[in-house]
Amino acid sequence: MPEALGALIEWALAQPGLWCAFTICDMENRVSARMMEKAGRRFEGILRRHTPHPNSSPSRGTAGSPRG
């Protein structure tokens, strides 16, 4: 799966006019976060109250990892 994510990001960044790609996952989903790391993404920070998640507490954030 990390290979597919990496290939998708490479393809997207090769498109004219696109210069940055972000990946976001639920902080409690460690499997998704690890998969993004394996795909070459890096942890940048926590986007508090960025994306509402049903059945979650307000203190729960999302982790963002822009390509840099």
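Residues numbered from 1 in each chain as written. Predicted model: local features only at pLDDT ≥ 70, side-chain atom pairs only at ≥ 80, totals over all residues. Heavy atoms only, no water.

Re the pattern of salt bridges
Between side chains of opposite charge, pairing is possible as soon as their charged atoms come close. Counting across every chain of the model gives 2 salt bridges. Note that glutamate 37 and arginine 34 form a salt bridge whose closest N and O atoms lie 3.1 Å from each other. Here glutamate 37 pairs with arginine 34, and both are found in helix H2 (residues 30-38), just 3 residues apart, close to one helical turn. Residue glutamate 37 is classed as partly exposed on the basis of its relative accessible area of 44%. Overall, the relative accessible area of 44% leaves arginine 34 in the partly exposed class. (Salt bridge = Lys/Arg side-chain N within 4 Å of Asp/Glu carboxyl O. Helix = DSSP H or I, 4+ residues; strand = E, 2+ residues; numbered from the N terminus. Buried < 20%, exposed > 50% of the residue type's maximum accessible area, 1.4 Å probe, protein only.)

A word on a nonpolar patch on the surface
A cluster of nonpolar side chains, Phe22, Ile24 and Leu47, forms an exposed patch at the surface whose accessible area comes to about 290 Å². Position of leucine 47 among the secondary structure elements: in strand E2 (residues 45-47). (Patch = residues over 30% accessible without salt bridge, like charges linked within 9 Å, V, L, I, M, F, W, Y side chains within 5 Å. Areas by Shrake-Rupley, 256 points an atom, 1.4 Å probe, with all protein chains shown as cover.)

Here we look at helix H1 (residues 2-13)
With 12 residues, H1 should reach 16 Å at 1.5 Å per residue; the first-to-last C-alpha distance of 16 Å fits that figure. Taken together, the buried positions of H1 are Pro2, Leu5, Gly6, Ile9 and Ala12. Axial view of H1: buried residues confined to an arc of 130 degrees, hence all on one face. Within H1, the exposed residues directed more than 90 degrees away from the buried face are Glu3, Leu8, Glu10 and Trp11. On its buried face, H1 is in contact with H2. (Expected span 1.5 Å × (residues − 1). Arc of directions from axis to C-beta. Contact = heavy atoms within 4.5 Å.)

Some remarks on the confidence of the model for the protein
This prediction gives the protein a mean pLDDT of 77; 72% of its residues lie at or above 70. Ranking the elements of the protein by mean pLDDT puts strand E3 (residues 62-64) last with 50 and H1 first with 89. (pLDDT = per-residue confidence, 0-100.)

Let's talk about the side chain of arginine 41
Within the element layout of this structure, arginine 41 appears in the loop between H2 and E2. For the buried arginine 41, no salt bridge exists, and the shortest N-O distance to an oppositely charged side chain is 8.8 Å, to glutamate 44. Of the polar contacts made by the side chain of arginine 41, one reaches the backbone oxygen of alanine 21; its length is 2.6 Å. A polar contact of 3.4 Å, which involves the side chain of arginine 41, links it to the side chain of threonine 23. (Lys, Arg positive; Asp, Glu negative; His and termini not counted. Polar contact = N/O pair within 3.5 Å; in protein donor to acceptor, adjacent residues only side chain to side chain.)

Comments concerning the side chain of threonine 23
Secondary-structure assignment places threonine 23 in the loop between H1 and strand E1 (24-26). For threonine 23, a relative accessible area of 10% puts it in the buried group.

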